[in-house]
Amino acid sequence: MTNKYLSYDDQRAPKVRAMFSRLAARYDLVNDVMSFGLHRKWKKDTIRLALEGRTGPARILDLCCGTGDLSFLAEEKALPGSRVIGVDFTLPMLGVATRRRLETQSRSGFAQGDALRLPFPDGAFDAVTVGYGLRNIADPLAALREMRRVLAPHGRVVVLDFGKPDNPVAGALYQAFLRTVMPVMGWLFHGDPETYLYIPESLERYPAQRGVQALMQEAGLQGARYESRLLGTMGLNIGEAPVEARPL
Ligand SMILES: C[S@@+](CC[C@H](N)C(=O)[O-])C[C@H]1O[C@@H](n2cnc3c(N)ncnc32)[C@H](O)[C@@H]1O
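Report on the accompanying structure. (Residues numbered from 1 in each chain as written. Predicted model: local features only at pLDDT ≥ 70, side-chain atom pairs only at ≥ 80, totals over all residues. Heavy atoms only, no water.)

What follows concerns the overall build of the chain. Along the chain, the regular secondary structure elements total 9 helices and 7 strands. In summary, the chain has a C-alpha radius of gyration of 17 Å against a globular reference of 18 Å for 248 residues, a match within 12%. Principal-axis analysis of the C-alpha atoms gives the chain an extent of 45 × 40 × 35 Å. The buried share of the chain, taken over its 248 residues, is 54%. Contacts spanning at least 24 positions in sequence make up 74% of the contacts within the chain whose residues lie at least 6 apart. Here the chain displays about 11400 Å² of accessible surface, and carbon together with sulfur accounts for 57% of that area. (Helix = DSSP H or I, 4+ residues; strand = E, 2+ residues; numbered from the N terminus. Rg over C-alpha atoms; globule rule 2.2 N^0.38 Å. Buried < 20%, exposed > 50% of the residue type's maximum accessible area, 1.4 Å probe, protein only. Contact = heavy atoms within 4.5 Å. Areas by Shrake-Rupley, 256 points an atom, 1.4 Å probe, with all protein chains shown as cover.)

What follows is the structure, encoded as structure tokens:
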């Protein structure tokens, strides 16, 4: 593996932060182009699943919030009295989120923080969403444990990310698509083919929807399950905090 933004050592986080700092200004535009706008639908599904069954206001944490898409959607869909906070460790991404917050007069809050050391007490949230973030975190299991810690009993976590199709032919075609189209996108938008080649390369070791389901169970989340989208190229993982607190 050679991607300059990806490593599996203590340089993982600084490299990921450097990459997202570089692409923050065009992140929203590129998302729309790359997914033909479909990411909007998958993000709506994420919020619907996160809020499913809630009959009152909710405290929502949008982890790895980036430019704030899921935070703003959560604010729109949650019942009155709900509170949303987006957390990310890349300041330029938070800068875009804050600009959008001002433009839309949103009440969502944004803060810098690390998913592996969340600055919140136990049980502070009713729902946690993570859009295209878990794959970028150095230790996904530790991050899921941290999510479980900040969830109140019955609180729900929903993770949206690139998936891996069950069908090997679809999987191979998908990898070929990503490895052909992503360098072109990186070159077009940032003058650097490696920027989006990061996606297929980071997917190699990412356990995707089936592996994340197992990690959720290991992290002590209950009812862990997943839904696939677009032939399994996207995955939505859902898990719930247990009613009884038990040692982590
Ligand atoms: C692909 S973006 C996703 C942004 C947004 N959630 C969305 O769906 O459009 C991934 C984000 O994860 C953030 N991130 C990665 N690792 C993180 C960590 N350990 N703690 C906080 N944020 C992290 C990056 O800074 C980046 O903004």
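This brings us to the packing of aromatic side chains. With the rule as written, the count across this model stands at 4 aromatic pairs. The interplanar angle of 65° and the centroid separation of 5.6 Å between the aromatic rings of Phe72 and Phe110 together place this pair among those described as edge-to-face. One end of the pair, Phe72, is in helix α4 (residues 69-77); the other, Phe110, is in strand β3 (residues 109-112), with 38 residues separating them in the sequence. Since its relative accessible area comes to 14%, Phe72 is described here as buried. (Phe/Tyr/Trp six-rings, centres within 6.5 Å; stacked < 30°, edge-to-face > 60°.)

As a matter of local geometry, the ligand sits amid 19 residues, with Cys64, Asp88, Thr90, Ala115 and Gly131 nearest to it. Within the side chain of Tyr27, an N or O atom sits 2.9 Å from an oxygen atom of the ligand. Within the contact set of the ligand, an oxygen atom lies 2.6 Å away from a side-chain nitrogen or oxygen of Asp88. When isolated, the ligand has an accessible area of 600 Å², and the protein chains bury 97% of it. Among the secondary structure elements, those contributing two or more residues to the shell around the ligand are α1 (12-23) and α2 (27-35). Along the lines of polarity and charge, the residues of the shell around the ligand split into 10 nonpolar, 6 polar and 3 charged. (Near = heavy atom within 4 Å. Polar contact = N/O pair within 3.5 Å; in protein donor to acceptor, adjacent residues only side chain to side chain. Nonpolar A, V, L, I, M, F, W, Y, C, P; charged D, E, K, R; others polar.)

Counting buried positions along strand β5 (residues 151-162) gives 10 out of 12 residues, so the element sits mostly inside the fold. In the sheet, strand β4 (residues 125-131) pairs with β5 via 6 bridges, with the strands oriented parallel. From the neighbouring strand, Gly131 faces β5, where its bridge partner is Leu160. Regarding the hand of the β-α-β motif, the stretch spanning β4, helix α6 (residues 140-150) and β5 is right-handed. By the bridge criterion, 7 bridges tie β5 to strand β7 (residues 234-240) in an arrangement that is antiparallel. Bridge pairing links Asp161 to Gly235 in β7. (Pairing = 2+ DSSP bridges. Right-handed = clockwise from strand over helix to strand, strands pointing away.)

Relative to the 20 Å expected for 14 residues at 1.5 Å per residue, helix α3 (residues 38-51) spans 21 Å between its end C-alpha atoms, a close match to the ideal helical length. Along α3, the positions that sit buried rather than exposed are His39, Trp42, Lys43, Asp45, Thr46, Ile47, Leu49, Ala50 and Leu51. Within two residues after α3, Gly53 carries a phi angle of roughly 85°, on the positive side. (Expected span 1.5 Å × (residues − 1).)

As a further point, take the sheet that holds strand β2 (residues 83-88). Across the sheet, 7 strands lie side by side as β3-β2-β1-β4-β5-β7-β6; this open sheet has mixed pairing. Sheet topology places β3 and β6 (222-229) at the edges, where each strand pairs with a single neighbour. With strand direction ignored, the average angle separating the axes of adjacent strands in the sheet is 15°. In this sheet, β4 lies alongside strand β1 (residues 59-63) in parallel orientation, the contact comprising 4 bridges. (Axes fitted to C-alpha atoms, helices over the stretch in contact; angles between N-to-C directions.)

Scanning all chains against the criterion turns up 25 salt bridges. As a salt-bridge pair, Lys41 and Asp45 come within 2.8 Å of each other at their nearest N and O atoms. Here Lys41 pairs with Asp45, and both are found in helix α3, just 4 residues apart, close to one helical turn. Judged by relative accessible area, Lys41 falls into the partly exposed class, the value being 46%. Salt-bridge contacts for Glu240 lead to Arg156; the nearest nitrogen and oxygen are separated by 2.9 Å. Of this pair, Glu240 sits in strand β7 while Arg156 is found in strand β5, placing the two residues 84 residues apart along the sequence. Note on Arg156: relative accessible area 11%, which makes it buried. Residues joined by salt bridges that share partners form a network here, namely Lys41, Asp45, Arg48, Glu52, Arg156, Arg225, Glu227, Arg229 and Glu240. (Salt bridge = Lys/Arg side-chain N within 4 Å of Asp/Glu carboxyl O.)

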